[in-house]
Amino acid sequence: MTESSARKLIIAIDGPAGAGKSTIASRLARKLGYANLESGAMYRALALKAILRDLSFDDEAALVQLAQKSRIQLEPTSTGNRVLLDGTDVTLRVREADVTEGASRVSVHPQVRAWMVARQQELGAKGGVVMEGRDIGTKVFPQADVKIFLDADPVVREQRRLQQQNLRGNAAQATAAELRERDQRDRTRTVSPLQPAADALVLDSTSMSEDEVLRRVEELVHSKLGG
Ligand code: DC
């Protein structure tokens, strides 16, 4: 059975920031010929729109209305997702610090999450997707064929993030503090806090290379494909 003729799986990769989800998800998607969907980018796009409209990240009702009037599109590419907000390319803008914090703050609201989850379910419904986020295996696709929870020691995640962005000094300190704060918020929110699904394979990548993580994930995928 070739991979292209095989059943199109839904693969969920969850975990905290800096654990390596995006890299693993995009490498895996490329190998399988699947679409890689970064669900966090959707929360980021909504946070950006709230910033542009001068809306509070705490105003749940206004944020839901805003989401309903927005067109948020993810276009998988070989280097990650291109993010379109109402037709405008905001891929780089949504990675900036104000949007990063905003995404974590808008994502605590149950009605915002319900809207996002419904959109994400539509995007992945046909299978052939690797979707990464915080609640993919628990809420978006509890029936996913493969569930990975990718974690790593907080200090290591911080270092990876700073290296990725080539940050030093004050900028590094600010980013590290932001990462810790966001982690805390994502793990302790009332609705869908970040936690592994009961049936997820939990991988701690603290002392694993990217290639090793990918190999473990691929083994699981191939066992599901019956290969
Ligand atoms: O994966 P990311 O860093 O782009 O996510 C940005 C924020 O969005 C993250 O801090 C929490 C939120 N998020 C979420 O609550 N659920 C998801 N499935 C993905 C992201």
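Residues numbered from 1 in each chain as written. Predicted model: local features only at pLDDT ≥ 70, side-chain atom pairs only at ≥ 80, totals over all residues. Heavy atoms only, no water.

> In this structure, what is going on with the overall build of the chain? I would like to understand it.
Each helix and strand counted, the chain has nine helices and eight strands in total. Taking 17 Å as the expected radius of gyration for a compact globule of 227 residues, we find that the chain reaches 17 Å, a close match to that expectation. In terms of its C-alpha atoms, the chain occupies a principal-axis envelope of roughly 55 × 40 × 30 Å. Expressed as a percentage of its 227 residues, the buried residues of the chain come to 50%. Accessible surface computed for the chain: about 11,000 Å², of which carbon and sulfur atoms make up 48%. Put simply, the chain has 33 plus and 31 minus side-chain charges, and the middle of one group is 2 Å from the middle of the other. (Helix = DSSP H or I, 4+ residues; strand = E, 2+ residues; numbered from the N terminus. Rg over C-alpha atoms; globule rule 2.2 N^0.38 Å. Buried < 20%, exposed > 50% of the residue type's maximum accessible area, 1.4 Å probe, protein only. Areas by Shrake-Rupley, 256 points an atom, 1.4 Å probe, with all protein chains shown as cover. Lys, Arg positive; Asp, Glu negative; His and termini not counted. Charge placed at Lys NZ, Arg CZ, Asp CG, Glu CD.)

> Looking at this structure, how should I read the site of the ligand?
Lining the immediate surroundings of the ligand are 16 residues, of which R44, R113, D135, D186 and R189 lie closest. For the ligand, an oxygen atom lies 2.7 Å from a polar atom in the side chain of R113. Against a free-state accessible area of 450 Å², the protein chains account for coverage of 96% of the ligand. Mapping the ligand onto the cavity grids shows that it belongs to the largest pocket. Taken together, the elements giving at least two residues each to the shell around the ligand come down to helix 2 (40-52), helix 4 (97-106) and helix 8 (169-188). With three residues, helix 2 is the single largest residue contributor to the shell around the ligand. (Near = heavy atom within 4 Å. Polar contact = N/O pair within 3.5 Å; in protein donor to acceptor, adjacent residues only side chain to side chain. 1 Å grid on protein atoms, 1.4 Å probe; cavity = no way out; pocket = protein on both sides within 12 Å on 5 of 7 lines; lining within 4 Å. Sits in = over half its atoms within 2 Å of the grid points.)

> I keep staring at the nonpolar core and nothing clicks. Help me out?
In terms of nonpolar packing, the biggest core is built from 35 residues, with L46, I72, V83, V106, V112, M116 and F141 touching the most fellow members. Top contributing element to this core by residue count: helix 2, with eight residues. Other than its neighbours up to four places away in sequence, F141 contacts I10, Q120, Q121, G124, A125, M131, I136 and K147. Counting residues in hydrophobic clusters, the runner-up holds 22 residues, among them L9, I24, A25 and L214. (Core = buried A, V, L, I, M, F, W, Y, C linked by side-chain atoms within 4.5 Å. Contact = heavy atoms within 4.5 Å.)

> Looking at this model, I keep getting lost on unusual backbone geometry. Mind explaining?
The phi angle of most residues is negative, glycine excepted, and most peptide bonds adopt the trans form. In this model, D54 sits at a positive phi of 60°, which is unusual for a non-glycine residue. Among the secondary structure elements, D54 is positioned in the loop between helix 2 and helix 3 (60-68). For S192, which is not glycine, the phi dihedral falls at a positive 45°. The topology assignment puts S192 in the loop between helix 8 and strand 8 (201-204).

> What am I meant to see in helix 9 (residues 210-224) here?
An α-helix turns once per 3.6 residues; consequently, residues spaced three or four apart project the same way. Look at helix 9: 21 Å from first C-alpha to last across 15 residues, which is about the 21 Å you get at 1.5 Å a residue. Of all the residues in helix 9, the buried ones are V213, L214, V217, E218 and V221. Down the axis, helix 9 shows its buried residues gathered within 130° of arc, on one side only. A positive phi of about 80° marks G226, the residue just after helix 9. (Expected span 1.5 Å × (residues − 1). Arc of directions from axis to C-beta.)

> Honestly, the layout of surface pockets in this entry has me stumped. Any pointers?
The probe, sized like a water molecule, is rolled over the atoms to show the empty space still left. Its boundaries defined by the atoms lining it, the largest pocket holds a volume of some 1,200 Å³. Lining the largest pocket are 50 residues, with S22, R44, R95, R161 and Q164 sitting closest to its centre. With six residues, helix 1 (residues 21-32) is the single largest residue contributor to the lining of the largest pocket. Taken together, the residues that form the lining of the largest pocket break down as 13 nonpolar, 21 polar and 16 charged. (Points joined across faces, edges and corners; volume = space filled by probe spheres on them. Nonpolar A, V, L, I, M, F, W, Y, C, P; charged D, E, K, R; others polar.)

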